[in-house]
Amino acid sequence: GGRRTRTASLGASNREGSGASCPRLGSEVSRGEGESRTRGRTMVPNRPTVSRAPSMKRMETAVDPRCVEWCRGKLKLLGDGVDALWRPEDHDAPTAAFLAGADPDATAASIAQSKRTRLFAYVEEAGDGARRLFVTANVPPAGAWRRLLAMTRDPTSLMIGSTPVTIPVSLSSMPKAVHVSVVDADVAGSLLKVVKGVYAPAVLRNDAWPKSVKDELSAHTHRYLATLTERAHELRGETVLYVPEEPSLLFLTTDARHTGDTSVNDTSTQTSAIEEKIERAARDEELTRRLESVVIHWTRQIREVVRETDGGESGADRYGGGGAHAAGRDVTNETLGQSLSVVEEDASDGPLAEVAFWHSRARDLAGIARQLDDVGVDAIVRVLRKARSTYLEPFSELYSIVASELSAAEDNARFLNTLVPPCEALAKAKATEVAGLVPGISHRVRLVWNAAERYDQDRVFGLLRKISNEVMRRCAKDVSVGDILDGNVKHAVDALHASIEACDAWKTSFEFTRAAVNKMHADDPKMRWPWEQSSLFAQLDAFEQRCKDLLDVCDAQAQFAPRTAPPVFGGATGLEIKKSFDDVRESFSKITDALRKSGARAALDVAAASWHDDFNAFARGVKDLEVRFQNAMTLSVESARADLTAFVERIDALRAMSVGDAKSPVGRCADRLTSELFAAFADELAATKKHFDTHRENPPVHPSMPRRAGAASWARTQHARLKAPWDQLEEAAAAWMAERDDLAARRARIGEKDASAKSGEMRDETSGTSRGASGGLRRELESLRLAYDATLPQFEKYAKDQHAAWVAHVERKVAPSVRQRLENRLLAVADEDDENETETETETDDAA
């Protein structure tokens, strides 16, 4: 030993390897080794000196910068140029902390739980193509990397027995102290590569162990590798048979590959030698037992693939849409030269998943068929055949089964491929576009049924269900339950109506296609479609009912929480009326919040049964509010009954607040009050007419008014008594009827089709009921108009008759008398003027 140089200890790093304190990188050198160490250090770039992190304990020695450079060199495993992304100011600190020695008071448990035993490096690519290197002791999040460089410390480099190793890793011990591996995004595949390439050969080719130990370890290794191989490739949508690398069978695979390069005599000699080796391998019981376990695994593995569509399931049903061999990945059919992909993750139970499944299944079965002809599989089969293994016969039967299933899969995939264009359009369609797409899809399903011989009834049934699922999915995507509960119902109502129309269009299209198929195959029961709508469209009907439930929620929102300000009610009871309606709004807000918290997410999920209870509770609350709303409406009318004009204005305001049709309680209340308005007007009309008929011969006019003019004025007063409120009523009623007719027309397009589908009479009755929402009021209004039109002209005629009688009386009696009097008066005045003029002239002459 000699005098030692002490430096600051190394700091830890954050997730990205930046922001932590980094010590000055140095090396522990003795006085005699100083020169060589110094020369060695000039081979790496100089590192900046950074102060020690306050939270870290001071180490006795520093990390050799060449060790950091060694770790940096391993970045090349991630790809070319990755090591150039290294930033010393960010990446030296976490690397040095990884290579540092253990704390003096560390224990085996604390070291095992510490992050200092691991280091990860990966490259993250930004959207603009820029790349950034991360070096961190934290486990990187999934999806942030494609390839991950993982370095771990060997336990003996940190703890020897119970004594912690406090000195950093030296350069010479780096290969043993630091284990390096590269993990792909396919973690299972990376694990398989490591186990199969590193650990398995060390176990299977170790001849130093006793034979019993080696045989047992080999058996466990093969079972583990078989399971790992199956799972790793299953995630990729492939079925790969694990072929063990048995040293005793290498001669078979090697000789099989070189058989074609030998002469006839050499071939005969080789065949004889191979048979002897097969015989010798068949006599090895442990080897035979291991090979039998592999064959048993193959048999189970292939049978699971073959049985994926057994039991009447439609292709992708077995594994939740797409199966283990679709896995939601892009699937290419090399035979047809077309590429299919599942459009969305949530479309795993749609028709495109079914198409992708059969393309993937055909590709997978073709891969299995190729593997069954592989020399490795053939070698194991030959050994077990020589050993007369009982497990070989079930496996041999799979050859023909795989060939048959491959033919069926290719046939199904070819015809199902016709569904791709319309189903891709359906997967991107809006609810309003679905109804126009489903007829073409049903026609192509009929083509598949007629042409694909191995696509039976149960699979077509499953395919039709998947189309129903896609229809529901596209419709549900356009409906925002959150907007409905927030009161933004205009777009939601249109989307819900379009969704109901789409569901009905798909059921109608299916019914048309089913009738055509059954008519075409009337003589062949096996080719008919026996399903009823109740069995095939159970979920679709449930979804349609959910849409109708949400329409009820929309109606309640429009009724009790409109976006427009409520009308102002005057009079002595105005404040009381306003408070009643405000209380209803507040109560509705509470039950809407309860529905939002409990059932909003399950509204369009037909598998969620909780919606029924949540919606029923909401509906009960709405019924109570409807009663309170009707009471407030009735109260607001009572104070306005005495004045027809005020009555009309009040009913007009209430009908503006009532958005329901005649079937809703609030709508019925509005119609009832409107009918009472019509009755009040009819009573006023009858009373006015009776008063007129009673006093028309002797009108009650003031004594100061002339008899004829007073009578005409009295008649015009009766006319104005009815004319002003009638004009207001007629204008308001036109708007009421137009609004009600529009609502009835919308409901007629989607409403009560369940009942109308049963019989024409019920369709007519339902349509008549929709139109009859305003029919009764319309008839009352028309009857009132007829009575008004018959009454009002009488007032006008009476006034004109009085005027005409007055004119006749004036012309016959008054006019001559007045003319005579006027003429007499004018003559007297003229004589006086002449006399005055003569006297004036005489006086003038006398003066002259």
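Here the structure is a predicted model, which is why all the values come from computation and not from measurement.

Caption draft 1: Representation of the overall build of the protein chain in the model. Looking only at helices and strands, the protein chain features 28 helices and 8 strands. Expressed as a percentage of its 848 residues, the buried residues of the protein chain come to 42%. Surface exposure of the protein chain reaches about 44400 Å², of which carbon and sulfur atoms provide 52%.

Caption draft 2: Highlighting the pairing of strand β1 (residues 118–125). Pairing of β1 with strand β3 (residues 147–153) involves 5 bridges; the strand directions are antiparallel. Looking at β3, one finds that F120 is bridged to A150. Two strands pair when backbone bridges link them, and β1 and strand β2 (residues 131–136) are joined in this way by 6 bridges, in the antiparallel orientation. Each residue of the ladder has a partner; that of E125, found in β2, is R131.

Caption draft 3: Region of interest: helix α14 (residues 420–427). V420, P422, C423, L426 and A427 are the residues of α14 that are buried. Taken around the axis of α14, the buried residues stretch over an arc of 165 degrees, which confines them to a single face.

Caption draft 4: Just unusual backbone geometry, in detail. Even without being glycine, R388 reaches a positive phi, approximately 55 degrees. Within the secondary structure layout, R388 lies in the loop between α12 (375–386) and α13 (392–416). Classification of R388 by relative accessible area gives exposed; the value is 74%.

Caption draft 5: Spatial organisation of the pattern of salt bridges. The tally for this structure, following the rule as stated, stands at 39 salt bridges. Between R361 and E405 there is a salt bridge whose closest N-O contact spans 3.0 Å. On the criterion of sequence distance, the pair formed by R361 in helix α11 (residues 351–372) and E405 in helix α13 is long-range, its members being 44 residues apart. Residue classification places R361 among the buried residues on the basis of a relative accessible area of 1%. Using a relative accessible area of 16% as the deciding quantity, one classes E405 as buried. A salt bridge links K507 to D541, with the shortest nitrogen-to-oxygen separation between them at 2.8 Å. With K507 in helix α18 (residues 490–520) and D541 in helix α20 (residues 538–560), this pair connects stretches of sequence that are 34 residues apart. Under the relative-accessibility criterion, D541 is labelled partly exposed at 31%.

Caption draft 6: Expanded view of the state of the cysteines. According to the stated counting rule, one finds 0 disulfides in the structure shown. Distance from the sulfur of C503, which forms no disulfide, to the nearest cysteine sulfur (C475) is 5.1 Å.

Caption draft 7: Representation of the sheet that holds strand β6 (residues 178–184). Spatially, 4 strands are ordered β2-β1-β3-β6 in an open sheet, and the strand pairing comes out antiparallel. The open sheet has two edge strands, β2 and β6, and neither has a second partner. Here the average twist between neighbouring strands, direction ignored, is 15 degrees.

Caption draft 8: Inspection of the side chain of T117 at higher detail. Along the chain, T117 falls in the loop between α4 (108–113) and β1. Within the local environment of T117, its side chain forms a polar contact with the backbone oxygen of S114, the two atoms lying 3.3 Å apart. Residues within four places of T117 in sequence aside, it is in contact with F98, I111, M151, T152, R153 and L158.

Caption draft 9: Region of interest: the packing of aromatic side chains. For the structure shown, the criterion picks out 25 aromatic pairs. A ring pair is formed by W506 and F537, whose centres lie 6.1 Å apart and whose planes are at 80 degrees; its orientation type is edge-to-face. Here W506, found in helix α18, pairs with F537, found in the loop between α19 (533–536) and α20; they are 31 residues apart in sequence, far enough to count as distant. Residue W506 shares its accessibility class with F537, and that shared class is buried. Three or more aromatic residues link up through ring pairs in this structure, and these residues are F560, F569, F581, F588, W611, F615, F618 and F629.

Caption draft 10: Structural view of the confidence of the model for the protein chain. In the predicted model, the protein chain carries a mean pLDDT of 78, and the fraction of residues at 70 or more is 78%. Ignoring residues within four places in sequence, the model shows residues 1–60, a span with pLDDT below 50, making 110 contacts including any to other chains. Residue range residues 318–345 is modelled with pLDDT below 50. Its contacts to residues more than four positions away, or to other chains, number 65 contacts.

Caption draft 11: Region of the structure containing α13. Between its first and last C-alpha atoms α13 spans 36 Å; for 25 residues at 1.5 Å apiece the expected length is 36 Å, and the two agree. Within α13, the axis deviates most sharply at Y399, by approximately 25 degrees. Residues of α13 that are buried include every one of L392, F395, L398, V402, E405, L406, A408, A409, D411, N412, A413 and L416, and no others.

Caption draft 12: Summary view of the packing of α20 against helix α22 (residues 610–638). Running from N to C, α20 and α22 cross one another at 30 degrees; their axes reach a closest spacing of 11 Å. One way to sum up the angle between α20 and α22 is to call them roughly parallel. Here the hand of the crossing between α20 and α22 comes out left-handed. Between α20 and α22, the residues in contact are R546, D549, L550, D552, V553, A556, Q559 and F560 and W611, H612, F615, F618, V622, L625, E626 and F629, respectively. Taken together, the residues of the contact of α20 with α22 break down into 10 nonpolar, 2 polar and 4 charged.

Caption draft 13: Focus on the side chain of Q301. Within the element layout of this structure, Q301 appears in helix α10 (residues 285–306). Judged by its relative accessible area of 3%, Q301 falls in the buried class. For Q301, the side chain forms a polar contact with the main-chain oxygen of V240, separated by 2.9 Å.

Caption draft 14: Summary view of a nonpolar patch on the surface. On the surface, a cluster of nonpolar side chains totalling about 220 Å² of accessible area is made up of W209, V213 and L217. With respect to the helices, strands and loops of the structure, L217 is situated in helix α7 (residues 211–234).

Caption draft 15: A look at the environment of E730. Following the sequence through the fold, E730 ends up in helix α25 (residues 707–750). Given the relative accessible area of 30%, E730 is considered partly exposed.

Caption draft 16: Summary view of the environment of C547. Residue position: C547 is located in helix α20. The exposure class assigned to C547 is buried, which follows from its relative accessible area of 1%. Placed 71 residues apart in sequence, C547 and A476 show a C-alpha to C-alpha distance of 9.0 Å. Each residue touching C547, except ones within four places of it in the same chain, is listed here: L496, S499, I500 and L604.

Rules of the game
- Residues numbered from 1 in each chain as written.
- Predicted model: local features only at pLDDT ≥ 70, side-chain atom pairs only at ≥ 80, totals over all residues.
- Heavy atoms only, no water.
- Helix = DSSP H or I, 4+ residues; strand = E, 2+ residues; numbered from the N terminus.
- Buried < 20%, exposed > 50% of the residue type's maximum accessible area, 1.4 Å probe, protein only.
- Areas by Shrake-Rupley, 256 points an atom, 1.4 Å probe, with all protein chains shown as cover.
- Pairing = 2+ DSSP bridges.
- Arc of directions from axis to C-beta.
- Salt bridge = Lys/Arg side-chain N within 4 Å of Asp/Glu carboxyl O.
- Disulfide = S-S within 2.5 Å.
- Axes fitted to C-alpha atoms, helices over the stretch in contact; angles between N-to-C directions.
- Polar contact = N/O pair within 3.5 Å; in protein donor to acceptor, adjacent residues only side chain to side chain.
- Contact = heavy atoms within 4.5 Å.
- Phe/Tyr/Trp six-rings, centres within 6.5 Å; stacked < 30°, edge-to-face > 60°.
- pLDDT = per-residue confidence, 0-100.
- Expected span 1.5 Å × (residues − 1).
- Bend = angle between axes of the 7 residues up to and from the residue.
- Parallel < 35°, antiparallel > 145°, perpendicular 65-115°, else oblique.
- Left-handed = near helix turned anticlockwise from the far one by under 90°.
- Nonpolar A, V, L, I, M, F, W, Y, C, P; charged D, E, K, R; others polar.
- Patch = residues over 30% accessible without salt bridge, like charges linked within 9 Å, V, L, I, M, F, W, Y side chains within 5 Å.

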